[in-house]
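Notes for the structure review
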Amino acid sequence: MSTTDNQLPLWEVFIQSKSGTPHKHAGSIHASDKNMALENARDIYTRRGEGRNIWVVLSDQIAASKTEDEAEFFDPADDKVYRHPSFYKVPDGVKNM
Amino acid sequence: MKTPEERLNHFNACIESEVKIEPKDWMPDEYRKTMIRQLSQHAHSEVIGMQPEGNWVLRAPSLRAKKILLAKIQDEGGHGLYLYSAAETLGISRDEMIEQLHSGKAKYSSIFNYPALTWADIGAIGWLVDGAAIVNQISLQRTSYGPYSRAMVRICKEESFHQRQGYEIMTTMMNGTAEQKEMAQDAMNRWWWPSLMMFGPPDNESAHTKQSMQWKIKRESNDVLRQRFIDKTVDQAHFIGLTVPDKNMKFNESTQQYEISPIDWEEFKQVISGNGPCNHKRLSHHIKVHKQGKWVREAALAFSKNQQKNKATLFTN
Ligand SMILES: [Fe+2]
Ligand SMILES: [Fe+2]
């Protein structure tokens, strides 16, 4: 790998498509700073009006859980059925609950 | 922590049950290597593919045609970037990929080593080359690697305009003067066979197909995809009065498929191994432009460093 040339830092791109909806991961781009990252993200991921707002974040700033540890990582929620409304008995005849 | 065996079992179970493999997931080295090879080759093809069409931007016959061609080429650049990003999630850097392209270690689709000689070639490229790419890419939307699959979904949405604009050019020319018709037919004659070669060697000779199908990197074989393209495209050609340059092609009533003459795989091998009409031109152009852009990348980085320094002094003062 060459050390004299590089393709600029890597950024992850999140796009909000409509007001009220969450930003969704779209992919990544290379850029030297925040402004270039936003402009590159716009040119690469929203050429057909796919977005109304963009977030960019340096890829090395993201922490991720491991899918292979999925079972252990998420198991604290596994035995808590009482977090769901269907756990509870509501007497027959009670309405609007 | 899992044992190596548990990891492999988990991976195989994901493949089996159509659960996508994601960047941080454990995967066999050979899967990673195959995926990197395919993704980088696909990305390089999108980028090198901008060259034959770029050749016609300044000679497009109308402002409308020029704007369409520019938008199409810009999409192809975007496709390259989506795919480079997907490859980077597997641990290869963009620099390495570009170095491998320049050294010849990484390949790109042999189709882009043919020249775009007339305006009708722009029609034939959009209709046939993008048309073939679409058949392949629709199938790849179901590939097992998550980032590749998502890039394919995005790319497929953008591709259908590429094929339509090409077919529109061909249709216009086939409704034109005798000379224009001749030009369209000539482009058809030159691009037909190379487009069929885009799907790669026949199944019984394809080096990577079997393992790739097992891992669901590829979902359908070269020959299946090629036949699908033929059956769609021959009717489109006839509809506007173009002749398929294959005298012995015939329609099989029982299979409802077109049977074509044998493909000249010797030509394919020659072009892939560097002896096509434009191999040298395509690669040397990419190397030249990449070198020319070096100072821009350096300046952008220096600017960003300066800005951060300035900000730091602002806060400490
Ligand atoms: Fe493309
Ligand atoms: Fe395309």
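Residues numbered from 1 in each chain as written. Chains lettered and ligands numbered in written order. Predicted model: local features only at pLDDT ≥ 70, side-chain atom pairs only at ≥ 80, totals over all residues. Heavy atoms only, no water.

1. What to know about the coordination of the iron ion (ligand 2)
All names here are of chain B. Protein ligation of the iron ion (ligand 2) involves Glu-76 (OE), Asp-130 (OD), Glu-159 (OE), Glu-159 (OE) and His-162 (ND1), the donor distances falling in the range 2.0 to 2.8 Å. Read from N- to C-terminus, the donor residues coordinating the iron ion (ligand 2) fall into the pattern E-x53-D-x28-E-x2-H. The iron ion (ligand 1) is placed at 3.3 Å from the iron ion (ligand 2), the two being bridged by Glu-76. Of this pair, Asp-130 sits in helix H6 (residues 119-140) while Glu-159 sits in helix H7 (residues 146-174), and the two are 29 residues apart along the sequence. In terms of burial, Asp-130 and Glu-159 fall into one category: buried. (Donors = N, O, S within 2.8 Å, 3.2 Å for Na, K, Ca; no water. Helix = DSSP H or I, 4+ residues; strand = E, 2+ residues; numbered from the N terminus. Buried < 20%, exposed > 50% of the residue type's maximum accessible area, 1.4 Å probe, protein only.)

2. Digging into the interface of chain B and chain A
Taken together, the 31 residues of chain B in the interface contact 26 residues of chain A. Taking both partners together, chain B and chain A bury about 2600 Å²; carbon and sulfur atoms supply 46% of that area. The interface formed by chain B and chain A holds 4 salt bridges in total. A salt bridge links B:Asp75 to A:Arg47; the shortest N-O distance between them is 2.8 Å. At the junction of chain B and chain A, the tally comes to 11 residue pairs in polar contact (both at pLDDT 80 or more). Among the elements that line the side of chain B that touches chain A, the one with the most residues is helix H13 (residues 294-316) of chain B, at 8 residues. Class assignment for the residues of the side of chain B that touches chain A results in 8 nonpolar, 7 polar and 16 charged. (Contact = heavy atoms within 4.5 Å. Buried area = accessible area lost by both parts, 1.4 Å probe. Salt bridge = Lys/Arg side-chain N within 4 Å of Asp/Glu carboxyl O. Polar contact = N/O pair within 3.5 Å; in protein donor to acceptor, adjacent residues only side chain to side chain. Nonpolar A, V, L, I, M, F, W, Y, C, P; charged D, E, K, R; others polar.)

3. Here we look at the coordination of the iron ion (ligand 1)
Residue and element names in this part refer to chain B. Donor atoms from the polypeptide that coordinate the iron ion (ligand 1) comprise Glu-46 (OE), Glu-76 (OE), His-79 (ND1) and Glu-159 (OE), at 2.1 to 2.4 Å from the metal. One way to put it: the 4 donor atoms around the iron ion (ligand 1) meet at angles of 81 to 156°, and that makes the site irregular. Written as a sequence motif, the donor arrangement for the iron ion (ligand 1) is E-x29-E-x2-H-x79-E. Residue Glu-159 is classed as buried on the basis of its relative accessible area of 1%. (Tetrahedral: all angles 85-135°; square planar, octahedral: opposite > 155°, others 65-115°.)

4. A closer look at the nonpolar core
The biggest cluster of nonpolar side chains holds 51 residues, and the ones touching the most others in it are B:Trp119, B:Trp191, B:Trp192 and B:Leu242. Going through the elements one at a time, helix H4 (63-88), H6, H7, helix H8 (178-197), helix H10 (222-239) and helix H11 (265-275) of chain B are the ones with two or more residues in this core. Counting residues per element, this core draws most heavily on H6(B), at 10 residues. Among all residues touching B:Trp191, those that are not within four sequence positions of it are B:Ile111, B:Tyr114, B:Pro115, B:Ala116, B:Asp121, B:Ala124, B:Ile125, B:Leu128 and B:Val129. Grouped together as the second largest cluster of nonpolar side chains are 37 residues, A:Ala37, B:Met27, B:Tyr145 and B:Ile217 included. (Core = buried A, V, L, I, M, F, W, Y, C linked by side-chain atoms within 4.5 Å.)

5. Quick notes on the pattern of salt bridges
Following the criterion strictly, the structure yields 20 salt bridges over all chains and no others. Its salt-bridge partner being B:Glu88, residue B:Arg94 comes within 3.0 Å of it at the nearest N-O pair. Residue class for B:Arg94 comes out buried when judged on its relative accessible area of 7%. Across the pair B:Arg190 and B:Asp121 runs a salt bridge whose closest N-O atoms are separated by 2.7 Å. Pair noted here: B:Arg190 is in helix H8 and B:Asp121 is in helix H6, with a separation of 69 residues, a long-range link. Members of the salt-bridge network, linked through shared partners, are A:Arg47, A:Arg48, B:Asp75 and B:Glu158.

6. Comments concerning the confidence of the model for chain B
Residue and element names in this part refer to chain B. Averaged over all residues, the pLDDT of chain B is 94; the fraction at 70 or higher stands at 98%. Highest mean pLDDT in chain B belongs to H8 (98); lowest belongs to H13 (85). Scoring the predicted complex yields pTM 0.90 and, for the interface, ipTM 0.80. (pLDDT = per-residue confidence, 0-100.)

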